[in-house]
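Listed below, chain by chain, are the residues.
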Amino acid sequence: MIEVVNLTKRYGRHTAVDGVSFSVQKGEILGFLGPNGAGKTTTMRILTCYLPATEGTARVAGFDVFEQPLEVKRRIGYIPETPPLYPDMEVADFLSFCSKIKGIPGKDRRRKIDEAIEKTRLVDVRNKHIGKLSKGYRQRVGLAQAILANPDVLILDEPTAGLDPKQILETRELIKSLGGEHTIILSTHILPEVEVTCGRVVIINKGKVVAEDTPENLTQRLRGSGALRVEARGETGPLFDLLRTVPGVIGLRPKGDAGDGVVAFEVDAEAGRDLRPELARAVVGAGHDLVGLSRLGMSLEEIFLQITTTDSADGAAPEAPAAAEAPATEAS
Amino acid sequence: MSSLRNVSAIVEKEWRHYFGSPIAYVLLFVWTFLFGRFFQVAFEYFLLASARQGGMEMGMGPKMSLNEWVLRPLFQNMAVVALFVIPMLTMRLFAEEKRQGTIELLSTNPLTDWQVVLGKFFAATGLFGFMILVSLVNFVPLWVYATTAPDWKPVATGVLALLLYGASLIAVGTFISTLTRNQIVAGILSFCAFLALLTLGWADDPAAGPLQQAIAYLSVTAHMEDMTKGVLDLKDVVFYLSFSGFGLFLAQQSVESQRWRA
């Protein structure tokens, strides 16, 4: 549905988007993840024909964003980060204006407006001035505008930014319910968002795609060979020696005193091996109390930081994903 | 068909804005008040002068013309008033969309830049036309009370002149509004531009060189001259239409180019 090839956008000497490529299948929800200033908004603006790309191509539903912008715009519903709304218009009037410029035929307008108002739960504010609405409602008016013409593609730039937790949950539910029917690209710098809503994630940093996978796989990938945390009652010294001798352990780091006579270790295991049973047997067999044994799964949050936080000293952005890539290839 | 619908959607939105805020009412008030006042002053002067003339010459002198004494000064005064009023109509057209970020709404929906520019231009010109229409009430007494009804044609050409002249200024104002996101800046710049266009006419001097005459030709006020006297010259109509077209072309180019510079 959406195909982006080698997209580059330069502002003078600054490169905001640098050779970004990805594609989105019909009905998919793609999460576009990156820190602020990573180039998410710029990429989305190119896709919505708001900005021209410096290089590369982007196609939406088979239409080139540069060659046939009107065809592309007809198929896209878009909300920028701050929804563009006319504060002095009433919600229903605003949507009526949008329905006209979106080319919805006159006889369908009322029905489509009512549908959008219902879906985004705006019924009780439909005759209020947009300027008097709270941030959450405004975001929903923006969303109502985007889904009004029932477009094939929805592009949502930080749709939950600035909402309260309840509104965030509601918005996520709404977005999820829109998937399948619509192809959605959703940008965010809030990680749980993609974990909850998206089928696939593209992580972008400094204008480059640094990782692309399902949220589960990304977590898996960086979990790597599976670091474990072992907590046992006893002295650090003997336990260290004990754990070191367990076959398959390739790395061992004491993590200090966990309180109540318990010491903790981080254990790196050989690729593909689950050492939990062996470790448990070793600790208990040596007469220590095993208090805790868990996999050190990385949250998307940590992955994100690991991938996007690069040594600015040598600016080695591609290194992090390379490191992330390695365990995955081994595992498969 | 669809482009017509898009343009009219923009026009409707702009009118909603004009009448949803005090702008339209304030401008209507100022315009109609000044129109009425200038009409009254010119008319009283006309009555006084014609009474005096009638007393002196026993009605034998050249007949005083209503066009020359009332309509011409009235329309020319209103042309000056328009210099102040039109920036207030046009300054927000694009500047506000840019500041509010709603320009992104317009440019990511299936609209062309031309449709947006034309929609805004027609909305402002329509409101200006409405202002003129309302102020025509002033002429009603002429037809009701004058013993011989005055000729309606000079009024019609005068109104047409004012409308065409206004449209030209609105086109320029629309263009200037695309240049900034600050309405006040757009308003001030438009006013300066209009004054500059007015002063161009002062360069008109039959003895002057061709360059100076060419400059004088561009004066938006000079082309009203004949029409306010009741003479409709196609040349002047074409001038105003092409002037407006050029302003709108600049506006469209400016909107489009900002995408590239963004």
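Just so you know, these numbers come straight off a predicted model, no measurement behind them. (Residues numbered from 1 in each chain as written. Chains lettered and ligands numbered in written order. Predicted model: local features only at pLDDT ≥ 70, side-chain atom pairs only at ≥ 80, totals over all residues. Heavy atoms only, no water.)

Caption draft 1: Main features of the overall build of chain B. Scanning chain B from N- to C-terminus turns up 12 helices and zero strands. Sequence-ordered secondary structure for chain B, helices as α and strands as β, is α-α-α-α-α-α-α-α-α-α-α-α. Buried positions account for 48% of the 262 residues belonging to chain B. When contacts within chain B are restricted to residue pairs at least 6 apart in sequence, long-range pairs at least 24 apart make up 77% of them. (Helix = DSSP H or I, 4+ residues; strand = E, 2+ residues; numbered from the N terminus. Buried < 20%, exposed > 50% of the residue type's maximum accessible area, 1.4 Å probe, protein only. Contact = heavy atoms within 4.5 Å.)

Caption draft 2: Molecular detail of the side chain of Lys73(A). Among the structural elements, Lys73(A) can be located in helix α2 (residues 69-74). No salt bridge is formed by the buried Lys73(A), whose closest oppositely charged neighbour, Asp113(B), lies at an N-O distance of 6.0 Å. Only 3.0 Å separates the side chain of Lys73(A) from the backbone oxygen of Ser107(B), close enough to count as a polar contact. Apart from the residues within four sequence positions on either side, Lys73(A) is in contact with Thr48(A), Cys49(A), Ser107(B), Thr108(B), Asn109(B), Pro110(B) and Leu111(B). (Lys, Arg positive; Asp, Glu negative; His and termini not counted. Salt bridge = Lys/Arg side-chain N within 4 Å of Asp/Glu carboxyl O. Polar contact = N/O pair within 3.5 Å; in protein donor to acceptor, adjacent residues only side chain to side chain.)

Caption draft 3: Structural context of the interface of chain B and chain A. Facing the 25 residues of chain B at the interface are 30 residues of chain A. Regarding the contact of chain B and chain A, the summed buried area is about 2600 Å², with carbon and sulfur atoms giving 61% of it. When residues of chain B are sorted by the area they lose upon contact with chain A, Glu104(B), Leu105(B) and Pro110(B) head the list and together hold 24% of the total. Connecting chain B to chain A are three salt bridges. Our count for the contact surface shared by chain B and chain A stands at 10 residue pairs in polar contact (both at pLDDT 80 or more). Secondary structure elements with two or more residues in the side of chain B that touches chain A: α1 (2-20), α4 (92-100), α5 (103-107) and α12 (234-261) of chain B. Counting residues per element, the side of chain B that touches chain A draws most heavily on α1(B), which supplies eight residues. Considering only residue class, the side of chain B that touches chain A consists of nine nonpolar, nine polar and seven charged. (Buried area = accessible area lost by both parts, 1.4 Å probe. Nonpolar A, V, L, I, M, F, W, Y, C, P; charged D, E, K, R; others polar.)

Caption draft 4: Representation of the sheet that holds strand β7 (residues 153-157) of chain A within the structure. Residues and elements named next belong to chain A. The strand order across the open sheet formed by six strands is β6-β7-β8-β3-β9-β10, and the pairing between neighbours is mixed. Where the open sheet ends on each side, the last strands, each with one partner, are β6 (76-79) and β10 (208-213). If you compare each strand with its neighbour and ignore which way they point, the axes differ by 15° on average. Relative to strand β8 (residues 183-188), β7 is paired through five bridges, and the arrangement is parallel. Within β8, the position partnered with isoleucine 155 by the bridge is isoleucine 185. The sheet strands contacting helix α1 (residues 40-47) are β3 (29-33), β6, β7, β8 and β9 (200-205), and the helix crosses β8 at an angle near 150°. Here helix α6 (residues 165-178) sits on the sheet and contacts β3, β7 and β8; the angle it forms with β8, its principal contact strand, is near 150°. (Pairing = 2+ DSSP bridges. Axes fitted to C-alpha atoms, helices over the stretch in contact; angles between N-to-C directions.)

Caption draft 5: View of the packing of aromatic side chains. According to the stated counting rule, one finds 20 aromatic pairs over all chains in the structure shown. Ring geometry for Trp15(B) versus Phe19(B): centroids 5.3 Å apart, planes at 35°, classification tilted. Taken as a pair, Trp15(B) and Phe19(B) lie in helix α1 at a separation of four residues, close to a single helical turn. Judged by its relative accessible area of 24%, Phe19(B) falls in the partly exposed class. Here the aromatic rings of Phe239(B) and Tyr240(B) are separated by 5.4 Å at their centres, their planes lie at 70°, and the arrangement is edge-to-face. Exposure class is identical for Phe239(B) and Tyr240(B). Each is buried. Three or more aromatic residues joined by ring pairs form one cluster here, namely Phe35(B), Phe39(B), Phe43(B), Phe46(B), Phe75(B) and Phe139(B). Between the NZ or CZ atom of Arg140(A) and the centre of the ring of Tyr137(A), over which it lies, the distance is 4.6 Å. (Phe/Tyr/Trp six-rings, centres within 6.5 Å; stacked < 30°, edge-to-face > 60°. Lys NZ or Arg CZ within 6 Å of the ring centre and 35° of its normal.)

Caption draft 6: Summary view of the pattern of salt bridges. Residues and elements named next belong to chain B. A full pass over the atoms with the stated rule returns 30 salt bridges over all chains. Between lysine 13 and glutamate 97 there is a salt bridge, with the nearest N and O atoms lying 2.6 Å from each other. You can see lysine 13 sitting in helix α1 and its partner glutamate 97 sitting in helix α4, a full 84 residues away along the chain. Accessibility classification places lysine 13 together with glutamate 97 in one group, the buried group. For lysine 120, the salt bridge goes to glutamate 97, with nearest N and O atoms at 2.8 Å. Placement of the pair is lysine 120 in helix α6 (residues 113-135) and glutamate 97 in helix α4, with a sequence separation of 23 residues.

Caption draft 7: Structural context of the sheet that holds strand β2 (residues 14-24) of chain A. Residues and elements named next belong to chain A. Strand order in the open sheet formed by four strands is β2-β1-β4-β5, with antiparallel pairing between adjacent strands. At either end of the open sheet lies a strand with only one pairing partner, and these are β2 and β5 (63-64). Direction of pairing for strand β4 (residues 55-60) relative to β5: antiparallel, over a ladder of two bridges. The residue of β5 that forms the bridge with valine 60 is phenylalanine 63. Across the sheet, α1 lies against β1 (2-11), β2 and β4, angled at about 115° from β1, the strand it touches most.

Caption draft 8: Examining the confidence of the model for chain B more closely. Averaged over every residue, the pLDDT of chain B is 87; the share at 70 or more is 93%. Confidence, expressed as mean pLDDT per element, reaches its minimum in chain B at helix α10 (residues 210-217) of chain B with 76 and its maximum at α6(B) with 95. (pLDDT = per-residue confidence, 0-100.)

Caption draft 9: Layout of the packing of helix α3 (residues 91-101) of chain A against helix α4 (residues 106-119) of chain A. Residues and elements named next belong to chain A. Running from N to C, α3 and α4 cross one another at 125°; their axes reach a closest spacing of 10 Å. With respect to α4, the axis of α3 lies oblique. With respect to the hand of their crossing, α3 and α4 are arranged in right-handed fashion. Residues Leu95, Ser96, Ser99 and Lys100 of α3 lie in contact with α4, whose contacting residues are Arg109, Ile113 and Ile117. (Parallel < 35°, antiparallel > 145°, perpendicular 65-115°, else oblique. Left-handed = near helix turned anticlockwise from the far one by under 90°.)

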